[in-house]
Amino acid sequence: MENQTKISNIAHLDLEKSYSYADYLTWQFSEIVELIRGKVFRMSPAPKSKHQAISRNLTILLGIHFKRKTCRLYEAPFDVRLSRAKDPKEITTVVQPDLCVICDIEKIDENGCLGAPDLVIEILSKGNSKKEMQIKYELYCEVGVREYWIIDPEREHIFQFILQKDFENPEKNMYFLKKIYLAEDKITAHIFPDLQFEVAEVFED
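Description of the structure in this document. (Residues numbered from 1 in each chain as written. Predicted model: local features only at pLDDT ≥ 70, side-chain atom pairs only at ≥ 80, totals over all residues. Heavy atoms only, no water.)

A few words now on unusual backbone geometry. For the bond running from alanine 76 to proline 77, omega is 0 degrees, close enough to zero to count as cis. One non-glycine residue with positive phi stands out, namely arginine 37, at about 50 degrees. With respect to the helices and strands, arginine 37 occurs in the loop between β1 (33–36) and β2 (39–42). Accessibility expressed as a relative area gives 41% for arginine 37, which makes it partly exposed. The residue glutamate 156 is not glycine, and still its phi comes out positive at about 55 degrees. Considering the arrangement of structural elements, one finds glutamate 156 in the loop between β10 (147–152) and β11 (157–165). Classification of glutamate 156 as partly exposed rests on a relative accessible area of 25%. (Helix = DSSP H or I, 4+ residues; strand = E, 2+ residues; numbered from the N terminus. Buried < 20%, exposed > 50% of the residue type's maximum accessible area, 1.4 Å probe, protein only.)

Scanning the entire structure with this criterion turns up one disulfide. Shown here is the disulfide that connects cysteine 71 with cysteine 103, its sulfur atoms set 2.0 Å apart. Between cysteine 71 and cysteine 103 the sulfur-sulfur dihedral comes to about 100 degrees; the bridge is accordingly right-handed. Of this pair, cysteine 71 sits in the loop between α2 (49–66) and β3 (72–75) while cysteine 103 sits in the loop between β6 (99–102) and β7 (108–109), placing them 32 residues apart in sequence. Owing to a relative accessible area of 10%, cysteine 71 belongs among the buried residues under this scheme. As a non-bridged cysteine, cysteine 100 has cysteine 113 as the owner of its nearest cysteine sulfur, 6.3 Å distant. As a non-bridged cysteine, cysteine 141 has cysteine 113 as the owner of its nearest cysteine sulfur, 17 Å distant. (Disulfide = S-S within 2.5 Å.)

Alternating positions in β1 separate into two faces, Val33 and Leu35 on one and Glu34 and Ile36 on the other, with burial throughout. As paired elements, β1 and β2 share four bridges and run antiparallel to each other. Considered in β2, the bridge of valine 33 is made with arginine 42. From the end of β1 to the start of β2, which pair antiparallel, there are two residues, and arginine 37 there has a positive phi angle of about 50 degrees. (Pairing = 2+ DSSP bridges.)

Written out as structure tokens, the structure is:
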């Protein structure tokens with residue numbers, strides 16, 4: 001991997017081509033991208049102030065909760081390699097969730113996380129809602145993210161999805177929508193029942 005050419009401009013990538021994490025490690029351009037099943041996905045432009053405020057509020061709320069617990073909270077930018085493989089050439093999906101909680105610390109290394117987090121939180125942006133609502137929804141379900149929150153800043157809603165086995169095909173996972181939380185509600189994490197807070201706190205400016 002040391003002999004691979006370093007890529008310093010995203011324009012030099014063929015976005016129709018499939019890449020691996022080994023390729024990803026050679027990219028030195030400033031633009032943040034995600035790699036999903038080998039395909040490059042450009043991130044949305046810099047998040048708006050409301051997106052940043054929500055991320056900050058969640059980091060504080062969850063950070064306080066997990067401060068003295070074995071599970072660890074990470075916020076973007078933080079590479080999550082959704083693969084069981086350790087060889088960078090065999091890893092084809094690297095995402096950057098807005099926030100994630102990882103309870104198996106053996107998944108954490110100097111490059112981020114190798115494997116599925118337990119809780120993933122994505123905050124919708126105008127340019128990436130399709131990615132979060134469809135592509136990442138399917139991806140997180142497939143790899144076994146136990147709980148997935150999608151946050152809609154405009155409507156101030158939180159969609160809470162819980163992983164379960166597909167009753168029609170027990171070899172596969174599926175998400176069910178446990179609840180849509182509104183600003184006046186209190187949210188409780190399904191896999192962390194002692195994690196509770198007012199939804200309004202998430203959307204405070």
